[in-house]
Amino acid sequence: QMQASLALFQRIFEYLDLPVEITEPEKPVRLDTIRGEVRFEDIDFAYEATQTELTIDGVDVTVPAGGRLAVVGPTGSGKSTLSYLVPRLYDVTGGRVTIDGVDVRDLDFDTLARAVGVVSQETYLFHASVAENLRFAKPDATDAEIEAAARAAQIHDHIASLPDGYDTLVGERGYRFSGGEKQRLAIARTILRDPPVLILDEATSALDTRTEYAVQEAIDALSAGRTTITIAHRLSTVRDADEIVVLEAGRVAERGSHDKLLALDGRYAALVRRDAQLTVPVIAP
Ligand SMILES: Nc1ncnc2c1ncn2[C@@H]1O[C@H](COP(=O)(O)OP(=O)(O)OP(=O)(O)O)[C@@H](O)[C@H]1O
Ligand SMILES: [Mg+2]
């Protein structure tokens, strides 16, 4: 047991010793009210200093407060990476990302955490009850608030149908939610957090039509009144966006509304023609 524990602690200390790359500035800016305008000001980004090609190369896009931006493009074009730069999972290597005109690197962590909510391709559920998994997004949430969020996220009826309802244990040794259900739990969490800026990285996994519809309803409830940046894989999402950006190898290849881009008859039109699935392999079959 000693041997095993030593090995375990060695691993833990390795992680604790990792340098922290994202730090809070010395005099952080605190915003009490956040409108939610997001600007990518001519940004560059590379994961490694040695990269010959930038992962994000000169992207310049503004999303007004309450506006809806959809990002589409081939797999590996940098869509998820672009979204990581808003909550500062990584920092830009050139240009700047601003929220309400303030460089995200100047914001205090609390403001940034309140400002940006992310619903990613992966959702992590803890080995705890459904209620605890949701409350983790807002520790002081009442049972009524949790239920209201679950209802808006179209997952309440499913939870209520489980033998232990909201007390059902989730995770590895507990109840297993499907991909579409997990997505709706993630949406419920974000509804509880209530951030003005929302980043949605749509799952690429195909959902059946009914689940897809439920997820779409949940997303509509969540995005109402918020600045929304969606990495879209489904045509239904992009159609409603105020602006669509087509990324290719980290650069903006095309931009505009759905109708404008269709009329342009370029890359976007080709993506739409192929399928409703907007992520295509880099090498076409
Ligand atoms: N943590 C990382 N370290 C190094 N390179 C990375 C990392 N994450 C992604 N990349 C690389 O950056 C590029 C962009 O990846 P990204 O995940 O942003 O693409 P994407 O457009 O979201 O693709 P998909 O549609 O498949 O989700 C890819 O070449 C990828 O291999
Ligand atoms: Mg991605």
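Residues numbered from 1 in each chain as written. Chains lettered and ligands numbered in written order. Predicted model: local features only at pLDDT ≥ 70, side-chain atom pairs only at ≥ 80, totals over all residues. Heavy atoms only, no water.

1. What to know about empty space enclosed by the protein
If a probe the size of a water molecule is rolled over the atoms, the empty space left behind becomes visible. With the rule as written, the count across this model stands at 2 cavities of 30 Å³ or more. Roughly 50 Å³ of internal volume is contained in the largest cavity. Residue assignment for the lining of the largest cavity shows that the elements contributing at least two residues are α7 (179-193) and β7 (197-201). Among the residues forming the lining of the largest cavity, the class breakdown is 5 nonpolar, 2 polar and 2 charged. (1 Å grid on protein atoms, 1.4 Å probe; cavity = no way out; pocket = protein on both sides within 12 Å on 5 of 7 lines; lining within 4 Å. Points joined across faces, edges and corners; volume = space filled by probe spheres on them. Helix = DSSP H or I, 4+ residues; strand = E, 2+ residues; numbered from the N terminus. Nonpolar A, V, L, I, M, F, W, Y, C, P; charged D, E, K, R; others polar.)

2. Digging into the environment of Ala 128
Mapping Ala 128 onto the fold places it in the loop between β6 (116-119) and α4 (130-135). Assessed through its relative accessible area of 16%, Ala 128 is described here as buried. Sequence spacing of Ala 128 and Ala 65 is 63 residues, and the spatial spacing of their C-alpha atoms is 36 Å. Contact partners of Ala 128, with chain neighbours within four places excluded, come to Asn 133, Thr 168, Leu 169 and Val 170. (Buried < 20%, exposed > 50% of the residue type's maximum accessible area, 1.4 Å probe, protein only. Contact = heavy atoms within 4.5 Å.)

3. A look at the site of ligand 1
Around ligand 1 sit 14 residues in total, of which Thr 75, Gly 76, Lys 79, Ser 80 and Thr 81 are the nearest. Separating a nitrogen atom of ligand 1 from a side-chain N or O atom of Tyr 47 is a distance of 3.4 Å. Within the side chain of Thr 75, an N or O atom sits 2.4 Å from an oxygen atom of ligand 1. Bound to the protein, ligand 1 loses 60% of the 640 Å² it would expose on its own. When the residues that make up the shell around ligand 1 are grouped by side-chain class, the tally is 3 nonpolar, 10 polar and 1 charged. (Near = heavy atom within 4 Å. Polar contact = N/O pair within 3.5 Å; in protein donor to acceptor, adjacent residues only side chain to side chain. Areas by Shrake-Rupley, 256 points an atom, 1.4 Å probe, with all protein chains shown as cover.)

4. Focus on the nonpolar core
Across soluble globular proteins, nonpolar side chains have a tendency to be buried as a group. Counting 30 residues, the largest nonpolar core has Phe 40, Ile 43 and Ile 99 as the members making the most contacts within it. Of all the secondary-structure elements, those providing two or more residues to this core are β1 (38-45), β2 (56-63), β3 (68-72), β4 (94-99), α3 (109-115), β7, β8 (227-231) and β9 (243-248). Counting 29 residues, the second-largest nonpolar core is a separate cluster that includes Leu 125, Leu 185, Leu 192 and Ala 218. (Core = buried A, V, L, I, M, F, W, Y, C linked by side-chain atoms within 4.5 Å.)

5. Notes on the pattern of salt bridges
As enumerated under the stated definition, the model contains 19 salt bridges in all. Salt-bridge contacts for Arg 11 lead to Glu 14; the nearest nitrogen and oxygen are separated by 3.3 Å. You can see Arg 11 and its partner Glu 14 sitting in helix α1 (residues 2-17), 3 residues apart, about one turn around the helix. A salt bridge links Arg 114 to Asp 110, with the nearest nitrogen and oxygen atoms 3.3 Å apart. Of this pair, Arg 114 and Asp 110 are both found in helix α3, 4 residues apart, which corresponds to roughly one turn of the helix. It is possible to trace a salt-bridge network through shared partners that takes in Arg 30, Asp 32, Asp 108, Asp 110 and Arg 114. (Salt bridge = Lys/Arg side-chain N within 4 Å of Asp/Glu carboxyl O.)

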